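Residue-level listing of the chains:
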Amino acid sequence: MRGLLRWDSTQTVVSFAVNGKLALGVVDTGACKTIIDETTARALGLKLKPSVDGNCGTFSVPGSGARQQYAGVVEDPVVLQFGEHIRFCLKDLRVLKHPYPLVLIGADILRGGRPDGCWNYTGMH
């Protein structure tokens, strides 16, 4: 299908709520941060603050080595809810331009609020 990403069996796709609206995301154990593409963010009604001269930071795509600028950040804190008692509030959710709908659930969520360097993949099934 045109316009949709193809997932393979090695990726875990989860349904969750973004500020109460249903979304799908890919659990990305290699991503430091949870990120969302610009089109999906707008479709979910999130207010975006565009990047100016790279002030929202940069990211790299594995294998490319090239650094790219984020398109912006979501202005207000975003609540991601994965279950009745599994809820995270993210400030400055990073936004990127991507040709397909995309939400990557990164280590900032996966470590479950534990300090950097600690792994936690509980409750995400």
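Quick caveat, the model's predicted, so the values are computed rather than measured.

Conventions adopted
Residue numbering note: each chain is counted from 1, following its sequence as written. Reporting of local features is limited, given that this is a predicted model, to residues whose pLDDT is at least 70; pairs of side-chain atoms are given and counted only at 80 or more, and all residues count toward the totals for whole chains, interfaces and linings. Think of the side-chain values as coming from all heavy atoms in the structure, minus any hydrogens and water. Put simply, DSSP H or I for four residues or longer makes a helix, DSSP E for two residues or longer makes a strand, and each gets a number counted from the N terminus. Exposure classes here rest on a 1.4 Å probe applied to the protein chains alone. A residue is buried below 20% of its type maximum, exposed above 50%, and partly exposed in between. Whether two residues touch is decided by their heavy atoms; if any such pair falls within 4.5 Å, the residues are in contact. The method behind every accessible area is Shrake-Rupley, applied with a 1.4 Å probe, and residues are considered shielded solely by the protein chains displayed. As used in this record, nonpolar core signifies buried Ala, Val, Leu, Ile, Met, Phe, Trp, Tyr and Cys residues forming a set joined through side-chain atoms within 4.5 Å. Any Lys or Arg side-chain nitrogen located within 4 Å of an Asp or Glu carboxyl oxygen qualifies as a salt bridge. Aromatic rings from Phe, Tyr and Trp, with only the six-membered ring used for Trp, were paired whenever their centres fell within 6.5 Å, and each pair was classed as stacked if the ring planes differed by under 30 degrees, edge-to-face if by over 60, and tilted otherwise. A positively charged side chain is recorded as over a ring if its NZ (Lys) or CZ (Arg) lies within 6 Å of the ring centre. The angle to the ring normal must also be within 35 degrees. DSSP-based pairing: two strands are paired if at least 2 bridges between them are found.

J.: Before we move on, can you summarise the overall build of the chain with the specific residues and values?
T.: Assigned secondary structure in the chain consists of two helices and eleven strands. Here the chain holds 125 residues, and the buried ones make up 35% of them. The long-range fraction of contacts in the chain, counting pairs at least 24 apart against all pairs at least 6 apart in sequence, stands at 54%. Entry remark: accessible area of the chain is about 8,000 Å², with carbon and sulfur atoms responsible for 52%.

J.: Break down the nonpolar core for me, with residues and values.
T.: If you look at the biggest cluster of nonpolar residues, it comprises 23 residues, and the most contacted ones within it are Phe-16, Val-18, Ile-36, Leu-46, Leu-80, Phe-82 and Ile-105. Elements with a contribution of two residues or more to this core: strand 1 (12-18), strand 2 (21-27), strand 8 (78-83), strand 9 (86-90), strand 11 (103-105) and helix 2 (107-110). If you look at the next biggest cluster of nonpolar residues, it comprises nine residues, including Ile-35, Phe-59, Tyr-70 and Leu-104.

J.: Help me get a handle on the pattern of salt bridges, residues and values and all.
T.: Going through the model one piece at a time under the given rule, you end up with three salt bridges. A salt bridge links Glu-38 to Lys-97; the shortest N-O distance between them is 2.9 Å. Here Glu-38 is found in helix 1 (residues 38-43), whereas its partner Lys-97 is found in the loop between strand 10 (94-96) and strand 11, with 59 residues between them in sequence. Exposure remark for Lys-97: the relative accessible area of 59% places this residue in the exposed category. The partner of Lys-47 in a salt bridge is Glu-75, and the shortest N-O contact between them spans 3.8 Å. Residue Lys-47 is located in the loop between helix 1 and strand 4 (48-50), and its partner Glu-75 is located in the loop between strand 7 (72-74) and strand 8; the two are separated by 28 residues in the primary sequence. Residue class for Lys-47 comes out exposed when judged on its relative accessible area of 53%. Each of Glu-38, Arg-42 and Lys-97 takes part in a single network of salt bridges with overlapping partners.

J.: Go over the packing of aromatic side chains, please, and point to the residues and values.
T.: Inspection of every chain in the model, using the stated rule, returns three aromatic pairs. Measuring from centroid to centroid gives 5.0 Å for Phe-59 and Tyr-70, while their planes differ by 40 degrees, and the two rings are tilted. Of the two residues, Phe-59 sits in strand 5 (residues 58-60) while Tyr-70 sits in the loop between strand 6 (67-69) and strand 7, which places them eleven residues apart along the sequence. Accessibility assignment for this pair places Phe-59 and Tyr-70 in one class, buried. When the ring of Phe-82 is compared with that of Phe-88, the centres are 6.1 Å apart and the planes differ by 75 degrees; the resulting orientation is edge-to-face. Here Phe-82 falls in the buried class, since its relative accessible area comes to 16%. Feature note: the residues Phe-16, Phe-82 and Phe-88 constitute an aromatic cluster, connected by ring pairs. Over the ring of Tyr-70 we find Arg-94, and its NZ or CZ is 5.8 Å from the ring centre.

J.: With reference to specific residues and values, describe the pairing of strand 1.
T.: Where strand 1 meets strand 2, seven bridges bridge the pair, whose relative direction is antiparallel. Pairing of Thr-12 across the sheet is with Val-27, part of strand 2. Here two bridges tie strand 1 to strand 8, and the two strands are oriented antiparallel to one another. By the bridge assignment for strand 8, Val-18 is matched with Leu-80.

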